[in-house]
Every structure is written in C-alpha cells, then in structure tokens.
Amino acid sequence: SYFDAAGVPLRILPQSPVRGKAFFVCQFWADMAFRSVGFIINLLRGKTTFRDLLPAPPPIRPAGGQDDLAKLFEQLAAGNAAGPPPPPTTSTKRSGPPVVDADITFLD
C-alpha cells in the first residue's frame, strides 16, 4: 500500500522506536498503525465488528461418525461389504542374476 512508504521516516528519525531496523520491519509497523486506525474508525461507524476479526468455526460433524465405522466392521465380518483387495501374488520361480559376458583387456 501507499502507507508502506511511511516506513522510510520511521527508519531514519532518531526518536523512532524502530530506528535502524530492517526496512520491512518499519513497513510492517507503519502498515499496522494505519490498518489499526482504519479498523477503529470502521468500528465506531458500525461498518465492522470484533467478530469480523475471528474466522468462522469449522462445521460440526454429525454424531453418527462412529456408528458408521461400526456398521462397516459388521458388514466386513458378515461378508456383505467389499473388503480390502487381496495381496499381490508373487511368482515363486526366480531367475538368477543376469549374466554379463564381457571381454576385459588390460592395457599395460
């Protein structure tokens, strides 16, 4: 925002509490000051409330979540539901390591 430029005098002025700090720190404090003043003005005008600052709570899960899991286990035990897939089959016939036929010539 345009108010980030207010970080320059904050960094230079001797009476500033953020004198000599990194520029982004000065930008942060300048921006927070202007945003806070704007929020207070909007709060006094009735355009915003403190509830606007807080995020909405997550939706509540229905209480039947555990019951659904219990029903699934009952169906698995009865054989009515599709269970986990069978493990992959491996072949019992194994071949040895590949044979590499190479002629080696030493250069001495």
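The structure we're discussing is the one just above.
Worth saying up front: this structure is predicted, and the values here are computed from it rather than measured. (Residues numbered from 1 in each chain as written. Predicted model: local features only at pLDDT ≥ 70, side-chain atom pairs only at ≥ 80, totals over all residues. Heavy atoms only, no water.)

## With respect to the overall build of the protein
For step 1, the next point in the chain: Looking only at helices and strands, the protein features 3 helices and 0 strands.
For step 2, the next point in the chain: Scanning the protein from its N terminus toward the C terminus, one meets helices and strands in the order α-α-α.
For step 3, the next point in the chain: Taken across its 108 residues, the protein has 6% of its residues classed as buried.
For step 4, the next point in the chain: Within the protein, contacts between residues at least 6 apart in sequence are counted, and of these 15% link residues at least 24 apart.
For step 5, the next point in the chain: For the protein, the computed accessible surface area is about 10400 Å², with 63% contributed by carbon and sulfur atoms. (Helix = DSSP H or I, 4+ residues; strand = E, 2+ residues; numbered from the N terminus. Buried < 20%, exposed > 50% of the residue type's maximum accessible area, 1.4 Å probe, protein only. Contact = heavy atoms within 4.5 Å. Areas by Shrake-Rupley, 256 points an atom, 1.4 Å probe, with all protein chains shown as cover.)

## Some remarks on the pattern of salt bridges
For step 1, the next point in the chain: Inspection of every chain in the model, using the stated rule, returns 1 salt bridge.
For step 2, the next point in the chain: For R35, the salt bridge goes to D31, with nearest N and O atoms at 2.8 Å. With R35 and D31 both in helix α2 (residues 23–45) and 4 residues apart, this pair spans about one turn of that helix.
For step 3, the next point in the chain: On the accessibility criterion, R35 (55% relative accessible area) is exposed.
For step 4, the next point in the chain: D31 gets classed as buried once you look at its relative accessible area, which sits at 13%. (Salt bridge = Lys/Arg side-chain N within 4 Å of Asp/Glu carboxyl O.)

## Points about α2
For step 1, the next point in the chain: Taking 1.5 Å per residue, 23 residues should reach 33 Å; α2 reaches 33 Å between its end C-alpha atoms and fits that length.
For step 2, the next point in the chain: Taken as a whole, α2 has its buried residues at C26, A30 and D31.
For step 3, the next point in the chain: Buried residues in α2 make contact with α1 (7–12).
For step 4, the next point in the chain: Positioned one or two residues after α2, G46 has a phi angle of 85°, which is positive. (Expected span 1.5 Å × (residues − 1).)

## Observations concerning a nonpolar patch on the surface
For step 1, the next point in the chain: The grouping of V8, I12 and F23 at the surface amounts to a nonpolar patch, some 260 Å² of accessible area in total.
For step 2, the next point in the chain: Within the secondary structure, F23 sits in helix α2. (Patch = residues over 30% accessible without salt bridge, like charges linked within 9 Å, V, L, I, M, F, W, Y side chains within 5 Å.)

## A word on the packing of aromatic side chains
For step 1, the next point in the chain: Throughout the structure, instances matching the rule amount to 2 aromatic pairs.
For step 2, the next point in the chain: Ring centres of F28 and W29 lie 5.2 Å apart, and the angle between their planes is 75°; this geometry places the pair in the edge-to-face category.
For step 3, the next point in the chain: A relative accessible area of 49% places W29 in the partly exposed class. (Phe/Tyr/Trp six-rings, centres within 6.5 Å; stacked < 30°, edge-to-face > 60°.)

## Digging into the side chain of T48
For step 1, the next point in the chain: Here T48 shows up in the loop between α2 and α3 (65–78).
For step 2, the next point in the chain: Among the residues examined, T48 registers a relative accessible area of 14% and is labelled buried.
For step 3, the next point in the chain: Excluding its chain neighbours within four sequence positions, the residues that come into contact with T48 are F39, N42 and L43.

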